[in-house]
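# What the coordinates show
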Amino acid sequence: QVQLVESGGDLVQAGGSLTLSCATSGIIFSISTMGWYRQAPGKQRELVATITNGSLTNYPNFVKGRFTISRDNAKGTVSLQMNSLKPEDTAVYYCNAPFDVYGSLNVKYNWGQGTQVTVSS
């Protein structure tokens with residue numbers, strides 16, 4: 001059974017930092033591209049970072065230079081280091097595999113519970 005468990009979210013002041021962690025089970029983690037997503041109230045879920053099985057990373061412009069995704073293949077975990085946080089980063093953060101079984105950019109697994117990040121101004 002696939003499990004994705006996010007943790008590390010907290011209340012932090014603007015300009016602060018947080019590190020999120022995603023623990024996975026039931027997937028072949030070492031060959032999977034993984035990603036972090038977020039969803040703010042009233043907004044669509046959006047992709048904020050990806051990392052390939054070879055640790056190549058990609059970020060959208062709105063987090064580039066502030067967020068860093070990493071992975072530990074031995075532990076099956078994905079982390080997201082977030083620096084210089086802004087109030088607009090406030091959201092529930094989720095991890096998933098960005099590519100479905102057809103190789104399209106569509107999440108592969110059911111969503112976990114996510115972890116709440118709240119950035120105060």
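This write-up is about the structure you can find in this document.

Definitions and limits used
Residues numbered from 1 in each chain as written. Predicted model: local features only at pLDDT ≥ 70, side-chain atom pairs only at ≥ 80, totals over all residues. Heavy atoms only, no water. Core = buried A, V, L, I, M, F, W, Y, C linked by side-chain atoms within 4.5 Å. Buried < 20%, exposed > 50% of the residue type's maximum accessible area, 1.4 Å probe, protein only. Helix = DSSP H or I, 4+ residues; strand = E, 2+ residues; numbered from the N terminus. Contact = heavy atoms within 4.5 Å. Pairing = 2+ DSSP bridges. Salt bridge = Lys/Arg side-chain N within 4 Å of Asp/Glu carboxyl O.

## A short note on the nonpolar core
Counting residues in hydrophobic clusters, the biggest one holds 28 residues, and the most contacted among them are W36, I69, V78, L80, M82 and Y93. Going through the elements one at a time, β3 (18-25), β4 (34-39), β5 (46-51), β7 (67-72), β8 (77-82), β9 (91-96) and β10 (115-120) are the ones with two or more residues in this core. Setting aside anything within four residues of it in sequence, one finds L80 in contact with L18, T19, L20, W36, V48, A49, F67, T68, I69 and Y93.

## Thoughts on the sheet that holds strand β2 (residues 11-13)
Taken in spatial order, the 6 strands make up an open sheet running β2-β10-β9-β4-β5-β6, and their pairing is mixed. Every other strand in the sheet has two partners, leaving β2 and β6 (57-58) as the edge strands with one partner each.

## Description of the pattern of salt bridges
Under the defined criterion, the tally for this structure stands at 4 salt bridges. Close ionic contact of E46 with R38 constitutes a salt bridge, the shortest N to O distance being 2.8 Å. Accessibility expressed as a relative area gives 23% for E46, which makes it partly exposed. In this structure, R66 engages D89 in a salt bridge whose closest nitrogen and oxygen atoms are separated by 2.7 Å. With R66 in the loop between β6 and β7 and D89 in the loop between β8 and β9, this pair connects stretches of sequence that are 23 residues apart. For the pair formed by R66 and D89, the shared burial category is buried. Via salt bridges that share partners, R38, E46, R66 and D89 belong to a single interconnected network.

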